[in-house]
Amino acid sequence: MTVTHDGGTHDAGAGSAASAASGNAGVRGWSPQRMWSVAGAVVLVACVWGFYAWDGAQTTAVLGGTVRAATLLVLGAMCGMIGERSGIVNIGIEGQFLMSAFTAFTVASMSGSLFLGVVAGVSTGLAMGWMLAAMSVGLRTDQIIAGTVLNIAALGLTSFFYDRGRSLGQPKYQSIELGPLADLPVVGTALFNRPPLTYLALVLVVVLHVLLLRSVWGMRTTAIGEHPGAAATVGIDVIRLRYWNVTLAGGLAGLGGAYLALESVGTFTRAMSGGRGFLALAVMIFGRRTPLGAYAAALFFGFTTALQGQFQLNDTFDIPAQFVGMLPFVVTIIVVAAAGLFGRMRDPAALGQPYEVR
Amino acid sequence: MAASTAAVAETQPEVLLAGHGITKHFGSVVANDDVSVELRPGRILALLGENGAGKSTLVNVLFGLHRPDAGQVVIADEQVELSSPHDAIARGVGMVHQHFQLVPPMSVVRNIVLGAEPRKLGMIDVAQARRRVLELADRFGLHVDPDAAVEDLPVGAQQRVEILKALYRDARVLIADEPTAVLTPQETDHLLDVLRGLTDQGVGIVFITHKLREVMAAADDIVVLREGKVVGTTTPAETSEAALAELMVGRAVDLHGDRFESGATGVGSAAPVEIAPDDPAPVPETTSAEDSGQPVVLDIAGLCADDDRGQRAVDELTLAVRAGEIVGVAGVEGNGQRELVEAITGLRHATAGNVSISDRDASGARPRQVTVIGVGHIPEDRAKHGLIGSYSVADNSVLNRYFKRPFAAGGMLRRDRIDSHARDVVATFDVRTPDVESPADSLSGGNKQKLIVGREFSDEIDLLIAAQPTRGIDIGAIEFIWRRIRERRDEGTAVLLVSAELDEVLALSDRVAVMYEGRIVATVDPRTATREEIGLLMAGAAAGVGS
């Protein structure tokens, strides 16, 4: 495996993200974009298979790391997209992750129950979602400022109450094998031998995808993000629905925080969310504000993270750790810039605009 | 739905919708003062009035958007208290909004059922929704592709979606707020037919407009509002366009053929304009400049420009305007007029072609260069491109040349010169403002527009580009601005007029260029072409008259 090879797989990853996103646009014609996406997906699968044949253990490790990193990102991205589809920008996901990770860890540590920790994390996410809603929907504060408030508050509070001596006092969430599925080659371990919150996140991705695109709730959510005035004239309570959506979406970020502390890492450290709440926004946009699209994008970003980790572990390549550590971020910049050049997606028309009842 | 209509026919109420003694204040402004109107089944009630006369306030009260300070709303013979539009909708009142209340990226079916979706287990029952929409469309002759995204539909079709949306909610009353403002003459005729068809099925319609022709053509009853009061209740059979105009404005105006000839010559005159003697065929005062051999001032050749979405909006357009003539660009909005004006004035990048102004190449010129060449620009969007609302009237009066002598010297503004210039503009152009230090935002629409016209006219210009110069302003100001544009033309300025109001184009122009999908498809003589011919050209029929 050489660095040049990686370049190839990155492009393929980008293609598959676009493919998942365009999948719901309809299946009538094969647009050039779709052709490229499918071609990209095929190349990606071929590459993964090739690497698996070449070095099964390392490939499995990278794929596992990909799914692990993607889970957090997709939870944050789904939180962001529910808000944005409703017309509310949420740049406070980072703070929601961090605060929830803190409460999840603290409660789990004190109660001795991981489940109670998850409940605490989700509740914290909901509470922070409600705070964002209260500021940006209720008080019509600038949404960027409201999100920044969450981020700063979370960083300050969790650092202040951080207790260096505290430990989880029990193992973090362990993998559960899903019977024979876990024995599948290539993806078996990566997808079907994972801890519980990863499965939960996968289910949420599919459920939310269907709900957003097919349900009455999803349609009304789109309406209040595109044209709240039109939604109001047909009797939809824009303020109320925005409140609910932003609050409930916070629960997803809260789950992300719990996942981070109790399943991915197994402890809490200062500022442990490490910018991934912002990366989740990139994932959301790259996934065209659909859960499946976001998951594809999250896998791609997760892949760069996993690759970086793998590079640092083995000594096949003599690249300084600092450069390897940059990989996810450099790739993010390149990919987001490239995605901007190709099919740019339109934002919801009323995104960022407070709605005022006449 | 069919069942409910049958019920309508059996238990037809005497009065579908009425307001009795409606009074509504906004702060110290009385928007509606003891207004009473009544709509009966199967009739079209036209609410006529100038901007600010209180039409919108009245229908907002009837639709539950505003609560009246005094007076009662009656729906279907029953006195009601409306706390939100939802209450009105539930009682069978539907609104066709002037700015369509549609979600652009969503499909027609989804837009129609939004808020009252047929559902199955929380999911939208798409099949049922589609079937019901098609049934309705069929029954009322409102044909539209149910699966198209609303943003891909022409304006006329979007309006049909808006009407279907109300009918889907079993509306027995339709309130249509300036429904013809964005339509071609043909689309307007079609709309009036559709509304007529609805009344045949027992629906009552409240039709808000300031276009006299439509009122005379479509209304059964007419209520004229002025300054928040009902100043006349009549029917088309009992009145005339001239009488309605007089009621609307409160004084006599010359409305013959919708053309204001410059009867008054006094500068800055706000005195009543006399009714011109019945002029059988008013013609522009000067003959076409093409015959006169005047020099070409604006010469556009093969101009191309894209719209904001990157689609080609101006498509190899060629047009010349000579000194001393007004060339009016007629067209349905969205056919590239805005992009054309922006490309000429340097506000938009032209992708191809040439623009020359007074024999100087102005292709790719920046807005200031265009100004300095000698171009006056009355922009389409007053608030965005015409004025800086928070700046004073004085500052706004020199926006186009604050950087030049005598208004600036050595990089510093000279307040005294600017203020005295502003006082001149205010006096000459009849801008009603307490003083020149007031912010431009405090002026009414008509006065803002007069300020812009005054600014653009107070310098030497060879070319005037006037985009929608009278949009949304009252008849008095329209009259004034039209007269000033004609005076400029008579002094030898070349004028390019772009307007969505066909009446305005016909009234002012010496030549009419019809624009369709980014091209000039025909140039016609306004003295001989009929509205119908021009309307067909505007709708894309390349055949017919042309030169």
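Residues numbered from 1 in each chain as written. Chains lettered and ligands numbered in written order. Predicted model: local features only at pLDDT ≥ 70, side-chain atom pairs only at ≥ 80, totals over all residues.

**Digging into the overall build of chain B**
1) Next: A tally of regular secondary structure across chain B gives 19 helices and 24 strands.
2) Next: For chain B, with 547 residues in total, the buried portion stands at 47%.
3) Next: A sequence separation of at least 24 residues applies to 67% of the contacts in chain B between residues at least 6 apart. (Helix = DSSP H or I, 4+ residues; strand = E, 2+ residues; numbered from the N terminus. Buried ≥ 20, exposed ≤ 12 C-beta atoms within 10 Å, placed from the backbone. Contact = placed C-beta atoms within 7 Å.)

**Topic: the nonpolar core**
1) Next: If you look at the biggest cluster of nonpolar residues, it comprises 164 residues, and the most contacted ones within it are B:Leu45, B:Leu174, B:Ile175, B:Val206, B:Phe207, B:Leu497 and B:Val514.
2) Next: Beyond its immediate chain neighbours, meaning those up to four positions away, B:Val514 contacts B:Ala330, B:Gly331, B:Ile520, B:Val521, B:Ala522, B:Val524, B:Ile534, B:Leu537 and B:Met538. (Core = buried A, V, L, I, M, F, W, Y, C linked by C-beta atoms within 7 Å.)

**A word on the sheet that holds strand S10 (residues 204-209) of chain B**
All names here are of chain B.
1) Next: Ordered by their spatial adjacency, 6 strands build an open sheet running S6-S9-S10-S3-S11-S12, and the pairing between neighbours is mixed. Unpaired on one side and paired on the other, strand S6 (93-96) and strand S12 (229-234) mark the two borders of the sheet. On average, each strand axis in the sheet is tilted by 20 degrees relative to the strand beside it, whichever way the strands run.
2) Next: The pairing of S6 with strand S9 (residues 173-177) spans 4 bridges and is classified as parallel. Residue pairing across strands places Val96 opposite Ala176, the latter belonging to S9.
3) Next: Of the strands in this sheet, strand S3 (44-48), S9 and S10 touch helix H7 (residues 185-200), which is tilted by about 150 degrees from S10.
4) Next: Helix-sheet contacts for helix H9 (residues 241-249) involve S3, strand S11 (221-226) and S12, and the interaxial angle to S11 is about 35 degrees. (Pairing = 2+ DSSP bridges. Axes fitted to C-alpha atoms, helices over the stretch in contact; angles between N-to-C directions.)

**What about the pairing of strand S2 (residues 29-39) of chain B?**
Residues and elements named next belong to chain B.
1) Next: Where strand S1 (residues 17-26) and S2 come together, 7 bridges link them in antiparallel fashion. Residue pairing in the sheet places His25 in a bridge with Val30 of S2.
2) Next: Remark: 2 residues form the turn of the hairpin made by S1 and S2, two consecutive strands paired antiparallel; Gly27 in that turn has positive phi of roughly 60 degrees.

**Section: the packing of helix H5 (residues 126-140) of chain B against helix H6 (residues 155-168) of chain B**
Residue and element names in this part refer to chain B.
1) Next: Put simply, H5 and H6 touch, their axes get as near as 10 Å, and they point 105 degrees apart. Classified by the interaxial angle, the pair formed by H5 and H6 is roughly perpendicular. In this structure, H5 contributes Val133, Leu136, Ala137 and Phe140 to the contact, and H6 contributes Leu164, Leu167 and Tyr168.
2) Next: Looking at the contact of H5 with H6 residue by residue, the classes come out as 7 nonpolar, no polar and no charged. (Parallel < 35°, antiparallel > 145°, perpendicular 65-115°, else oblique. Nonpolar A, V, L, I, M, F, W, Y, C, P; charged D, E, K, R; others polar.)

**Here's the deal with the sheet that holds strand S23 (residues 511-516) of chain B**
All names here are of chain B.
1) Next: A sheet is described by the order of its strands in space; here 6 strands give the open sequence S18-S21-S22-S15-S23-S24, paired in mixed fashion. Each edge of the open sheet is held by one strand with a lone partner, namely strand S18 (375-378) and strand S24 (519-524). The average angle at which neighbouring strand axes cross in this sheet is 20 degrees, direction not considered.
2) Next: Alignment of S23 against S24, held across 5 bridges, turns out to be antiparallel. In the strand pairing of S24, Ala513 is matched with Thr523.
3) Next: Against the sheet, helix H11 (residues 337-345) makes contact with strand S15 (326-330), S18, strand S21 (463-467), strand S22 (494-499) and S23, and its axis sits at roughly 150 degrees relative to S21, the strand it touches most.
4) Next: Across the sheet, helix H17 (residues 475-490) lies against S15, S21 and S22, angled at about 150 degrees from S22, the strand it touches most.

**A closer look at helix H8 (residues 196-214) of chain A**
Residue and element names in this part refer to chain A.
1) Next: With 19 residues, H8 extends 27 Å from end C-alpha to end C-alpha; this agrees with the ideal 27 Å at 1.5 Å per step.
2) Next: Among the residues of H8, those classed as buried are Leu197, Thr198, Ala201, Val205, Leu208, His209 and Leu212. Along the long axis of H8, the arc covered by the buried residues comes to 120 degrees, so they all point the same way. In H8, those exposed residues whose orientation departs by more than 90 degrees from the buried face are Val203, Val206 and Val207.
3) Next: In this structure, the buried side of H8 is in contact with helix H3 (56-85), strand S2 (193-194), helix H9 (216-226), helix H11 (238-265) and helix H13 (291-313). (Expected span 1.5 Å × (residues − 1). Arc of directions from axis to C-beta.)

**Re the confidence of the model for chain B**
Residue and element names in this part refer to chain B.
1) Next: The predicted model of chain B has a mean per-residue pLDDT of 83, with 89% of residues at 70 or higher.
2) Next: Looking at the elements of chain B, mean pLDDT is at its lowest for helix H1 (residues 2-10), recorded as 46, and at its highest for helix H4 (residues 108-113), recorded as 94.
3) Next: The model gives residues 255-290 a pLDDT under 50, and that stretch makes 59 contacts with residues more than four places away or in other chains.
4) Next: Counting contacts from residues 543-547, a segment whose pLDDT is below 50, to residues more than four positions away or on other chains yields 12 contacts. (pLDDT = per-residue confidence, 0-100.)

**Here we look at the interface of chain B and chain A**
1) Next: Chain B puts 20 residues into the contact, and the matching count from chain A is 15 residues.
2) Next: When residues of the side of chain B that touches chain A are traced back to their parent elements, those giving at least two are helix H3 (85-90) and strand S8 (123-124) of chain B.
3) Next: In the side of chain B that touches chain A, the residues fall into 13 nonpolar, 4 polar and 3 charged.

**Focus on the domain arrangement of chain B**
Interfaces are frequently sized by the accessible area removed from exposure as the parts join.
Residues and elements named next belong to chain B.
1) Next: Split by domain assignment, chain B resolves into domain 1 (2-92 + 170-239), domain 2 (107-163) and domain 3 (289-538).
2) Next: The gap between the C-alpha centroids of domain 1 and domain 2 is 25 Å.
3) Next: Across the boundary between the two partners, domain 1 contributes 9 residues, which contact 7 residues of domain 2.
4) Next: Element by element, the count of residues in the side of domain 1 that touches domain 2 is highest for H7, at 5 residues.
5) Next: Here the residues of the side of domain 1 that touches domain 2 sort into 7 nonpolar, 1 polar and 1 charged. (Domains from an automatic or database assignment.)

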